[in-house]
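For reference, the chains in residue letters:
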Amino acid sequence: MAQRGLQLDHERFCCPVCLDLLEDPATLPCGHSYCMCCIKKHWDEESEGGIPSCPQCRQTFIPKPVLRKNTMLADLVEELKKTGLQAAPHPQHYAGPGDVACDVCSGRKLKASRSCLQCVASYCELHLRPHHEAPIFHKHQLVEASAELQEIICSVHSKVKEVFCRSDQQCICLLCAMDAHRGHDTVSAAAERTERQSALGPMRLDIQRRIQDAQRDVELLQQQVEAIDCSADEALKDSRTRLSQLLRLVEEESCEVQQQIRSQQQTEVSRVKELEKKLQQEIGELRRRDVELEQLSRTEEHSQFLLRHSSLSALSEPTRSASISVRPPCCFLEVTAAVSELADKIQSILRQDHTQISAGTRAELLRDSWLLGVDPNTVSVGLKITEGNRKLTFVGRKQSYPHHRHRFTDSFQALSTQSMTVRSYWEVKWSGAISVAVAYGSVSRTGSDSSFGDDHKSWALYCDRNGYKARHDGVSAFLSGPPSSVVGVHLDHGAGVLSFYSVCDTVTLLHRVQTTFTEPLHAGLCVCLGSTAELLQPNQSE
């Protein structure tokens, strides 16, 4: 029990800030006591608030109290220290990952508070006391605890590196300055630090400005995302409403068509049943007449035969069978044809609208626009390159281009200088007959399969006055689309989507490829006889 009471006494005499026994205890007007240095440091750290307060009860003091040492409390703490017992270290005082550990502690090491440059060692508060109390240590230089203490000590002379050699851009000790670095431009490490630290202010201001600019851009992007999401939600809501209305109209039309078909079915069936009834009656009459005739033919007496024959009534007109047919009535064929025509029209409209939705607007595509140029080292010698390496013209005659391993030799074509691995959009103005293409940089430069679209490394859109044709890996497909002298190409490399567009007053999707791209892609141009192709600048109109 005595030991427990002593332990409680020790806990009562611990500073609530550092959790060690009070050092130069000072008592605030609220009654709580702290180490003089701890409470001063606490108030210095919260000085921006302007009003000092107690860390425990948060009572504020106006004006700021004058701190004085509580001598009676200090004497009690000294008596406790003489017992040889110390306050148990708080768990936060033990060295953890990333902390500098005390070099003197045995067992579980405490966190070091200071490092000594003369001793080349780090100490916790307990083992640092000799440096504060013993006169022999008063000249030792204490610095913030550092795990890289050895780096500031010269490995040759075991002296503190107090000099900076500007010639070699490194810290050295005084002996090194007089020996290996004699004659070099040297200054004190403190002077060099002061000079360099003066440049930190403008650097930090620039960094903070850039951070603010980036944060502002991030906020704008977030607002843009929110606007996109809201717009998409509204579009989904509106499209659901309109498509639901369309579905209801289709269902109503379906019900009406069904009713019309059933009504016509009943009419036709009633007509046929009536005709069938008449035929059955006619069959009955004919059978009776047949029996009468058979009986008449068996009459032996001539006068009786003639009398009975004269009394026979005339037969009714036969039901005309020419109107009877097993083929469906034309009214049903007309309904089927009308429904089929309506379905074809709806499908055509839906396909057209879906194409327009997928294509987007030119303004949206231009957000991903690139300024591309033709790589002169790839241009075929039969093509002339002009307009700042953006226009190719078929000239036929050999141009004086230097030999280069990347030049196309068997096809009149070229690649762009830039390679693309992100979302990209560009436009090509053309005349005559050309191919607008994208290709890997490793596409063949010579041989029968070096033309764009002839192998698996390129995708081409052939354009002439007759229309468009897509080609890849030697397989072609004819396309429909409005004629235009400008073709747009949009590449989403990461998503594996390549799209070709006809660009005039509106943007119309001509062809779309969904695949997996394994290399960076270049824009490609293939120019035929009497033709030109030009890579347009972003936002450049025809």
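Residues numbered from 1 in each chain as written. Predicted model: local features only at pLDDT ≥ 70, side-chain atom pairs only at ≥ 80, totals over all residues. Heavy atoms only, no water.

**Overview of the overall build of the protein chain**
Next up, step 1: Across its full length, the protein chain carries nine helices and 21 strands.
Next up, step 2: Within the protein chain, the fraction of its 542 residues that count as buried is 29%.
Next up, step 3: In the protein chain, the proportion of contacts linking residues at least 24 apart, taken out of those at least 6 apart, comes to 54%.
Next up, step 4: Approximately 35300 Å² of the protein chain is accessible, and the part contributed by carbon and sulfur atoms is 53%. (Helix = DSSP H or I, 4+ residues; strand = E, 2+ residues; numbered from the N terminus. Buried < 20%, exposed > 50% of the residue type's maximum accessible area, 1.4 Å probe, protein only. Contact = heavy atoms within 4.5 Å. Areas by Shrake-Rupley, 256 points an atom, 1.4 Å probe, with all protein chains shown as cover.)

**What about the pairing of strand E20 (residues 521-527)?**
Next up, step 1: The buried fraction of E20 is high, at seven of seven residues.
Next up, step 2: Because side chains alternate across E20, one face comprises the buried residues Leu521, Ala523, Leu525 and Val527, and the other comprises His522, Gly524 and Cys526, equally buried.
Next up, step 3: As paired strands, strand E13 (residues 434-440) and E20 are joined by seven bridges and run antiparallel to one another. Bridge assignment links Ala437 to a residue of E20, and that residue is Gly524. (Pairing = 2+ DSSP bridges.)

**Concerning the sheet that holds strand E16 (residues 475-479)**
Next up, step 1: Reading across the sheet, the six strands line up as E11-E20-E13-E14-E15-E16 and stay open at both edges, with antiparallel pairing between neighbours. Looking at strand neighbours, the two that pair on one side only are strand E11 (413-415) and E16, the edges of this open sheet. For this sheet, the mean inter-axis angle between neighbouring strands, taken without regard to orientation, is 20 degrees. (Axes fitted to C-alpha atoms, helices over the stretch in contact; angles between N-to-C directions.)

**Some details on the UniProt feature "coiled-coil region" (unreviewed entry) in the protein chain**
Next up, step 1: In the numbering used here, UniProt assigns the "coiled-coil region" (unreviewed entry) feature to residues 204-231 and 262-296.
Next up, step 2: Helix makes up 100% of residues 204-231 and strand makes up 0%, while its end C-alpha atoms are separated by 40 Å.
Next up, step 3: Structurally, residues 262-296 is divided into 100% helix and 0% strand, and its ends, taken at the C-alpha atoms, are 50 Å apart. (UniProt positions renumbered as here; feature names shortened; annotations may be inferred.)

**Quick notes on the pattern of salt bridges**
Next up, step 1: Taken as a whole and assessed by the stated rule, the structure comprises 16 salt bridges.
Next up, step 2: Across the salt bridge formed by Arg166 and Glu192, the nearest N and O atoms sit 2.8 Å from each other. Note that Arg166 is positioned in the loop between strand E6 (163-165) and strand E7 (170-172) and Glu192 in helix H6 (residues 189-297), a separation of 26 residues in sequence.
Next up, step 3: Its relative accessible area of 28% is what places Arg166 among the partly exposed residues.
Next up, step 4: The residue Asp368 makes a salt bridge to Arg423 at a minimum N-O spacing of 3.1 Å. (Salt bridge = Lys/Arg side-chain N within 4 Å of Asp/Glu carboxyl O.)

**Focus: the packing of aromatic side chains**
Next up, step 1: Counting across every chain of the model gives five aromatic pairs.
Next up, step 2: Relative to Phe412, the ring of Phe394 lies with its centre 4.8 Å away and its plane at 70 degrees, an arrangement referred to as edge-to-face. A residue pair is termed long-range when its members are at least 10 positions apart, and Phe394 in strand E10 (residues 391-394) and Phe412 in the loop between E10 and E11 qualify at 18 residues.
Next up, step 3: Note on Phe394: relative accessible area 15%, which makes it buried.
Next up, step 4: Note on Tyr440 and Trp459: the rings are 5.7 Å apart at their centroids and 85 degrees apart in plane angle, and the pair reads as edge-to-face. Taken as a pair, Tyr440 in strand E13 and Trp459 in strand E14 (residues 458-464) lie far apart in primary sequence, 19 residues in all.
Next up, step 5: In this structure Tyr440 comes out as buried when scored by relative accessible area, which is 5%.
Next up, step 6: With relative accessibility at 5%, the residue Trp459 sits in the buried group.
Next up, step 7: Grouping aromatic residues by their ring pairs yields a cluster made of Tyr440, Trp459 and Phe517.
Next up, step 8: Of note, Arg445 hangs over the ring of Phe408, and the distance from its end group to the ring centre comes to 5.0 Å. (Phe/Tyr/Trp six-rings, centres within 6.5 Å; stacked < 30°, edge-to-face > 60°. Lys NZ or Arg CZ within 6 Å of the ring centre and 35° of its normal.)

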